[in-house]
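The chain contents come next:
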Amino acid sequence: MAASEAPCYLGWDFSTQQLKVIAIDEQLRVICEDNIHFDKDLPEFGTHCGVHVHSDKLTVTSPVLMWVKALDMILEKMKSSGFNFSHVRAFSGSGQQHGSVYWKEGASQILKNLSPDLPLHQLLKACFSVSDSPVWMDSSTTTQCLSLEKAVGGAQHLANITGSRACERFTGNQIAKIYSQNPEVYAQTERISVVSSFAASLFLSAYAPIDYCDGSGMNLLQIRDKIWSTACLNACAPGLEEKLGPVVLSSSVLGSVSPYYIQRYGFSPDCKVVAFTGDNPASLAGMKLEEGDIAISLGTSDTLFLWIKEPTPALEGHIFCNPVDSHAYMALLCFKNGSLIREKIRDVCASGSWDEFSKALKCTVVGNNGNLGFYFDVIEITPEAVGIHRFNRDNNKVPDFPKEVEIRALIEGQFMAKRIHAEKLGYKIMPRTRILATGGASYNKEILQVLSDVFSAPVYTIDTANSACLGCAYRAIHGLVAETSVSLVDLVKLAPEPRLVVTPTAGADQLYQPLLKRYAELEQTVLYSTNSSHLAKLQEKEKSNTSSRN
């Protein structure tokens, strides 16, 4: 890591498996990056992939002091490698969404009086009422979710208020579980942070507020009014608003870095801390999404990020406040059946060869002559269905397709589902819409051609390695000028542009319009046929498979 002489900006990411940092200069060039890998570099905490999976296989936590010690380690690494912290003008950061940290009574006084002679993990070891924080992988709060939805008038009403129906990993339900099972621990807690605001608090030596975006992932914030929902707070735990503190705009400057970092590491007293946010919103900033854009990650699961002006929350997907435009929103949709089912169909229908798979997409017609398929090898999230369901052009269910038809039915079906559910959340394709594709399947041009045709928009590829870190470094620059109404998009014009890969096939939009309508109607048929007892059996099977893997 080279020393920096010109002004620079840092972006931090407290993710599930590691703590990462990037520094960029005023031309937005990455001048250094570093990381601490929790399992490898902090083996004393005994994590696997950064977490502890408990005996019930549902409860998943991470040690708070592991995150604190990781910050000590990475700052020492940077210092010993010659990084000049005095040139850092501002920084921001992100944290894995939904996780929560519980500060014990008296912790704020300890934070205010940190001795620069000692590392943070020694100074803060007695500051947390819950030593292992619940994280986003936790699914142990089904009871609390049902209770919250009932308290506010149902799942859809909760989604209308907070942007999402009740989710086990969301922070409000995790807090409700702690209050219900350990009321004395809850009573001893003076502040509850999400991972991002906890990280910002470490740098400020004072409790940092939660930003609107990360607050949207808690089932507690009214996303339109950007205030805590009294009904949701009361349904989770008493006195919760006081423990959560205020919420702030994502571009807010929270203050200057604490004297601890000035004295121990040589930060400038003028270095500003811009509000930290969730890792998903930070990635939206890092990918430079603009209004109308879609980012799609084609990985083990497929994830969509959408920039939305007028959201319509649904039972599937999530609406968050937008991290770079306070008048807009972002939506997140996750599809569990991603690369694994693509690989399975490739193995069965293309002899395990991606080249053969691509040839099949090339030699079949756009729209697949009306043949449609649903390929849910494991229980899908969006929608909650399972099994493989094939329909011919007359909407009759059929047992199989020819191999080339099967391959196109899979890819067209996956992308039609994404467009249908995106539009349900209020997304609208615009003339300037771009699709930014990342992940393993984004290297396959024929797959991207189908994506372009279904969405009737050009597809670009983008390097998203460390996009959350990069997004936070951009947000740090933006935070210093946000009050002058300069947009983040204008500020990051110097950053690398995505690469155009494909444009829509002429006439594809007219072909897909009726197919999209048919696909949405057939999805309801598939949902009805996936009965609840079958789902229960499969959930039990998946749970036993998970326990045997662990």
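Criteria and cut-off values
The residue numbering used here restarts from 1 in each chain and proceeds along that chain's sequence as written. Predicted model: local features are reported for residues with pLDDT of at least 70 only, side-chain atom pairs are reported and counted for 80 or more only, and whole-chain, interface and lining totals are derived from all residues. Calculation of side-chain values draws on the structure's entire complement of heavy atoms; hydrogens and water are dropped beforehand. UniProt positions are given in the numbering used here, feature names are shortened, and annotations may be inferred rather than shown by experiment. Helix numbering and strand numbering both begin at the N terminus, where a helix is a DSSP run of H or I of at least 4 residues and a strand a DSSP run of E of at least 2. Only C-alpha atoms enter the radius of gyration; for comparison, a globular chain is expected to reach 2.2 Å times N to the power 0.38, where N is the number of residues. Only protein chains enter the area calculation, which uses a 1.4 Å probe; residues under 20% of their type maximum are buried, those over 50% are exposed, and those in between are partly exposed. Any two residues whose heavy atoms approach within 4.5 Å are treated as being in contact. Each accessible area is a Shrake-Rupley result for a 1.4 Å probe, and residues are judged covered by the shown protein chains and nothing else. Only four residue types enter the charge count: Lys and Arg as positive, Asp and Glu as negative, with His and the chain ends excluded. Charge positions are represented by NZ for Lys, CZ for Arg, CG for Asp and CD for Glu. Put simply, a salt bridge is a Lys or Arg side-chain nitrogen that is within 4 Å of an Asp or Glu carboxyl oxygen. Axis lines are fitted through C-alpha atoms, for helices just across the contact stretch, and the angle between N-to-C directions can take any value from 0 to 180 degrees. Angles below 35 degrees are treated as roughly parallel, those above 145 as roughly antiparallel, those between 65 and 115 as roughly perpendicular, and all remaining angles as oblique. Note on convention: near helix rotated counterclockwise from far helix by under a right angle means a left-handed crossing. Clockwise means right-handed. Pairing between two strands requires that DSSP report at least two bridges joining them. An automatic or database domain assignment provides the domain bounds reported here. Here a polar contact is taken to be a pair of N or O atoms separated by no more than 3.5 Å, where protein atoms must pair a possible hydrogen donor with a possible acceptor and residues adjacent in sequence count only if both atoms sit in side chains. Joining through side-chain atoms within 4.5 Å is the link that ties buried Ala, Val, Leu, Ile, Met, Phe, Trp, Tyr and Cys residues into a set, and such a set is a nonpolar core. Any two rings among Phe, Tyr and Trp, with Trp reduced to its six-membered ring, count as a pair given centres within 6.5 Å; such a pair is stacked if its planes are under 30 degrees apart, edge-to-face if over 60, and tilted if neither. Put simply, a charge is over a ring when the Lys NZ or the Arg CZ is close to the ring centre, within 6 Å, and near the line of the ring normal, within 35 degrees.

As recorded in an unreviewed UniProt entry, the protein chain goes by Xylulose kinase and comes from Platysternon megacephalum. Entered under Function (unreviewed entry) in the UniProt record, the comment concerning the protein chain runs "Phosphorylates D-xylulose to produce D-xylulose 5-phosphate, a molecule that may play an important role in the regulation of glucose metabolism and lipogenesis." Of the comments in the UniProt record for the protein chain, the one headed Sequence similarities (unreviewed entry) reads "Belongs to the FGGY kinase family."

(A) How the structure looks around the overall build of the protein chain. For the protein chain, the count of helices and strands is 22 helices and 26 strands. On C-alpha atoms alone, the protein chain measures out to a radius of gyration of 24 Å, which is about the 24 Å that the 2.2 N^0.38 rule sets for 550 residues. Along the first, second and third principal axes, the C-alpha set of the protein chain runs to 75 × 50 × 45 Å. Across the 550 residues that make up the protein chain, the buried fraction comes to 58%. Long-range contacts, defined as pairs at least 24 residues apart, comprise 73% of the intrachain contacts of the protein chain with a sequence gap of at least 6. In the structure as shown, the protein chain presents an accessible area of about 21600 Å², 51% of it carried by carbon and sulfur atoms. Across the protein chain, the 50 positively charged side chains and the 58 negatively charged ones have centroids separated by 3 Å.

(B) Region of interest: the UniProt feature "domain: Carbohydrate kinase FGGY C-terminal" (unreviewed entry) in the protein chain. In this numbering, the UniProt entry assigns the feature "domain: Carbohydrate kinase FGGY C-terminal" (unreviewed entry) to residues 295-478. In residues 295-478, helix accounts for 36% and strand for 22%; the two terminal C-alpha atoms are 21 Å from one another.

(C) A look at helix H7 (residues 171-181). Within H7, eight of the 11 residues are buried, which leaves it mostly tucked inside the rest of the structure. Here H7 has its buried residues at Thr171, Gly172, Asn173, Gln174, Ile175, Ala176, Lys177 and Ile178.

(D) A look at the pattern of salt bridges. Scanning all chains against the criterion turns up 25 salt bridges. The residue Glu44 makes a salt bridge to Lys69 at a minimum N-O spacing of 2.7 Å. One end of the pair, Glu44, is in the loop between helix H1 (38-41) and strand E4 (52-53); the other, Lys69, is in helix H2 (residues 64-80), and 25 residues separate them in sequence. We classify Glu44 as partly exposed; its relative accessible area is 47%. Looking at Lys69, the relative accessible area reads 22%, which means it is partly exposed.

(E) Quick look at the packing of H2 against helix H9 (residues 195-204). Running from amino to carboxyl end, H2 crosses H9 at an angle of 45°, the nearest separation of the two axes being 12 Å. In this view, H2 runs oblique relative to H9, as classed from their interaxial angle. Between H2 and H9 the crossing geometry is right-handed. On the side of H2, the interface is formed by Val64, Trp67, Val68 and Leu71, while H9 contributes Val195, Phe198, Leu202 and Phe203.

(F) Structural view of the sheet that holds strand E5 (residues 60-63). Here we have three strands laid out as an open sheet, ordered E4-E5-E8, and antiparallel in their pairing. At either end of the open sheet lies a strand with only one pairing partner, and these are E4 and strand E8 (132-134). Sheet topology note: the E5/E8 ladder contains three bridges and is antiparallel. Following the sheet pairing, Thr61 is matched in E8 by Pro134. Sheet strands in contact with H2 are E5 and E8, and its direction is about 40° off that of E5.

(G) Focus on the sheet that holds strand E21 (residues 372-376). The antiparallel open sheet is built from three strands, whose spatial order is E21-E22-E23. Either end of the sheet is taken by a strand with one partner, and the two such strands are E21 and strand E23 (397-398). As paired elements, E21 and strand E22 (residues 387-391) share five bridges and run antiparallel to each other. Residue pairing for E22: Leu372 is matched across the bridge by Phe391.

(H) The arrangement of the UniProt feature "domain: Carbohydrate kinase FGGY N-terminal" (unreviewed entry) in the protein chain in detail. In the numbering adopted here, UniProt assigns the feature "domain: Carbohydrate kinase FGGY N-terminal" (unreviewed entry) to residues 135-286. With 50% helix and 15% strand, residues 135-286 has end C-alpha atoms that lie 23 Å from one another.

(I) Fine view of the domain arrangement of the protein chain. Splitting the protein chain by domain gives domain 1 (8-275), domain 2 (282-336 + 427-502) and domain 3 (339-424 + 507-535). Each side of the interface is counted separately: domain 1 has 47 residues, and domain 2 has 32 residues. Counting across the domain 1 and domain 2 interface gives zero salt bridges. Linking domain 1 with domain 2 are 11 residue pairs in polar contact (both at pLDDT 80 or more), by the criterion used here.

(J) Up close: the side chain of Asn219. Inspection of the secondary structure puts Asn219 in the loop between helix H10 (212-215) and strand E11 (221-222). Reaching out from Asn219, the side chain makes a polar contact with the backbone nitrogen of Cys167 at a distance of 3.1 Å. Of note is the side chain of Asn219, whose polar atom sits 3.1 Å from the side chain of Asn173. Asn219 has contacts with Leu148, Leu158, Thr162, Ser164, Arg165, Ala166, Cys167, Phe170, Asn173 and Cys232, leaving out every residue within four places of it along the chain.

(K) Region of the structure containing the pairing of strand E20 (residues 329-335). E20 sits mainly inside the fold: six of its seven residues count as buried. Pairing geometry for strand E19 (residues 318-321) and E20, over four bridges, is antiparallel. Paired with His318 across the two strands is Leu332, which belongs to E20.

(L) Spotlight on the nonpolar core. Grouped together as the largest cluster of nonpolar side chains are 89 residues, with contacts concentrated most on Ile175, Leu220, Trp228, Leu240, Leu244, Leu306 and Phe415. By residue number, the principal contributor to this core is helix H17 (residues 403-424), which donates 10 residues. Setting aside chain neighbours within four positions, we find Leu244 in contact with Ile175, Arg191, Ile192, Ile210, Met218, Leu220, Trp228 and Leu233.

(M) Representation of the packing of aromatic side chains within the structure. This structure, assessed with the given rule, holds 22 aromatic pairs. Pairing Phe203 with Phe276 gives two aromatic rings, centres 6.1 Å apart and planes at 45°, and the pair type is tilted. Taken together, the residues span a long stretch of sequence, with Phe203 in helix H9 and Phe276 in the loop between strand E15 (272-274) and strand E16 (277-278) at a distance of 73 residues. Both residues of the pair, Phe203 and Phe276, count as buried. One cation-aromatic arrangement involves Lys243 over Tyr186; the distance from NZ or CZ to the ring centre is 4.7 Å. We note Lys418 situated over the ring of Phe335; from NZ or CZ to the ring centre the distance is 4.4 Å.

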